[in-house]
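A look at the structure
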Amino acid sequence: MSPTNIKKACSLLNEGKLVAFPTETVYGLGADASNSSAVQKIFELKRRPTDHPLILHVSSLEDAMRHAYFSEKAIILAEQFWPGPLTLILEKTNLVSYDVTGGKESVGIRVPSHPVAQELLSIFGKSIAAPSANRFGRISPTEAKHVQQEFGSSLFILDGGACNIGLESTIVDLFNGPSILRPGAITEEQVSSLLGPLVSSTTPAPGTLESHYAPETKIVLSREPLLLASTLKQKGLSVAIIPALEPNTHAQKLYHILRELDSQEHDLIIAEPAQAIGLGIAINDRLTKAAAPKD
Ligand code: TXA
Ligand code: MG
């Protein structure tokens, strides 16, 4: 990434403007977390309800410790998985405003590993509040051009290429819990092997409910996609298939493929679920949400 672009992003953030940036999971829509009116712009641009908390992105564990109270379990997970695709829900300190947490006493916090995100955070020198850079209820962007499709060219975007992981971070709740609020590339087995048994969450993270990652085209899940497609094609329907790929590739390409197929105006997209282990759990979680009926 050119130093000029990072500098420009930092000046925009300092002026209270929004900047989109790549992370290893998906692109984020960032604001200076200490600037209330900048944070407000995220909710306006995304058309997201203001009680849906944002994730605080920080450059290091040391930095994170100024924004949240770390229990022993939190330190164990942070040391193992940061920088990386893990968000911890912890009790916030006074440094974090309620605008970021949607009025909660807890904060979602993570240290991203993408080199551009790292560079941005270390040069900006403050924490960045950022949700995924998509309109509320739409598929998260995994490429700069997806962000542009969502918000147009007036938004400044740091282009760091296609995101490596392609699905949003695993959210581990250590404020309540310990429990997994959103499955991701860091698996439940990895977390429980360090913390012991987890409790199943009764309060899913706001914004992780039902049809949250939905394209316009109707999606169904099927373990026999070819068979179903041929039956439907005989009835004159235009049908596209997303086959289950090798799990890392499946996750990395899923949102890209969904966006491409969604733009092709098929009657139906048939998605083959992944094997329900490891990363496959996160893939199936997003597929199920994409297939959930819209109201
Ligand atoms: O991979 C990711 O996590 C990406 C990149 C940009 O970092 N971010 C992301 O943000 O997916 P967003 O806003 O699209 O999803 C964050 C989720 C939301 O479901 C939100 O409700 C939950 O995290 N969350 C944030 N803070 C929380 C808190 N204090 N308690 C419970 N859930 C929280
Ligand atoms: Mg999101």
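Before any of the text, the structure's been laid out above.
**Some words on the pairing of strand β2 (residues 28-32)**
For β2, the buried fraction is high: five of the five residues fall into the buried class. Taking every second residue as pointing to the same face, both faces of β2 are buried, with Gly28, Gly30 and Asp32 on one and Leu29 and Ala31 on the other. Pairing of strand β1 (residues 19-21) with β2, which is carried by three bridges, proceeds in the antiparallel orientation. Paired with alanine 20 across the two strands is leucine 29, which belongs to β2. Between β1 and β2, which pair antiparallel and follow one another directly, the connecting turn spans six residues. Relative to strand β6 (residues 128-130), β2 is paired through two bridges, and the arrangement is antiparallel. Across the sheet, the residue bridging to alanine 31 is alanine 129, located in β6.

**So, the packing of aromatic side chains**
In this structure the tally under the stated criterion is one aromatic pair. Ring geometry for phenylalanine 70 and tryptophan 82: centres 6.0 Å apart, planes at 70°, overall edge-to-face. Linking phenylalanine 70 in the loop between α3 (61-67) and α4 (72-81) with tryptophan 82 in the loop between α4 and β4 (86-91), this pair joins segments that are 12 residues apart in sequence. With respect to class, phenylalanine 70 is no different from tryptophan 82; both count as buried. Just above the ring of tyrosine 98 sits the side chain of lysine 92; from NZ or CZ to the centre is 4.2 Å.

**Observations regarding the sheet that holds strand β11 (residues 239-242)**
The strand order across the open sheet formed by three strands is β10-β12-β11, and the pairing between neighbours is parallel. At either margin of the open sheet sits one strand with a lone partner, and together these are β10 (219-221) and β11. Across the sheet, the mean angle separating the axes of adjacent strands is 25° when strand polarity is ignored. Bridge count between β11 and strand β12 (residues 268-271): four bridges; the pairing is parallel. Considered in β12, the bridge of alanine 240 is made with isoleucine 269. Strands in contact with helix α10 (residues 247-262) are β10, β11 and β12; relative to β11, the strand with the most contacts, it is inclined by about 175°. Those strands touched by helix α11 (residues 279-291) are β10 and β12, and its axis lies near 135° from that of β10.

How each quantity is defined
Residues numbered from 1 in each chain as written. Chains lettered and ligands numbered in written order. Predicted model: local features only at pLDDT ≥ 70, side-chain atom pairs only at ≥ 80, totals over all residues. Heavy atoms only, no water. Buried < 20%, exposed > 50% of the residue type's maximum accessible area, 1.4 Å probe, protein only. Helix = DSSP H or I, 4+ residues; strand = E, 2+ residues; numbered from the N terminus. Pairing = 2+ DSSP bridges. Phe/Tyr/Trp six-rings, centres within 6.5 Å; stacked < 30°, edge-to-face > 60°. Lys NZ or Arg CZ within 6 Å of the ring centre and 35° of its normal. Axes fitted to C-alpha atoms, helices over the stretch in contact; angles between N-to-C directions. Contact = heavy atoms within 4.5 Å.

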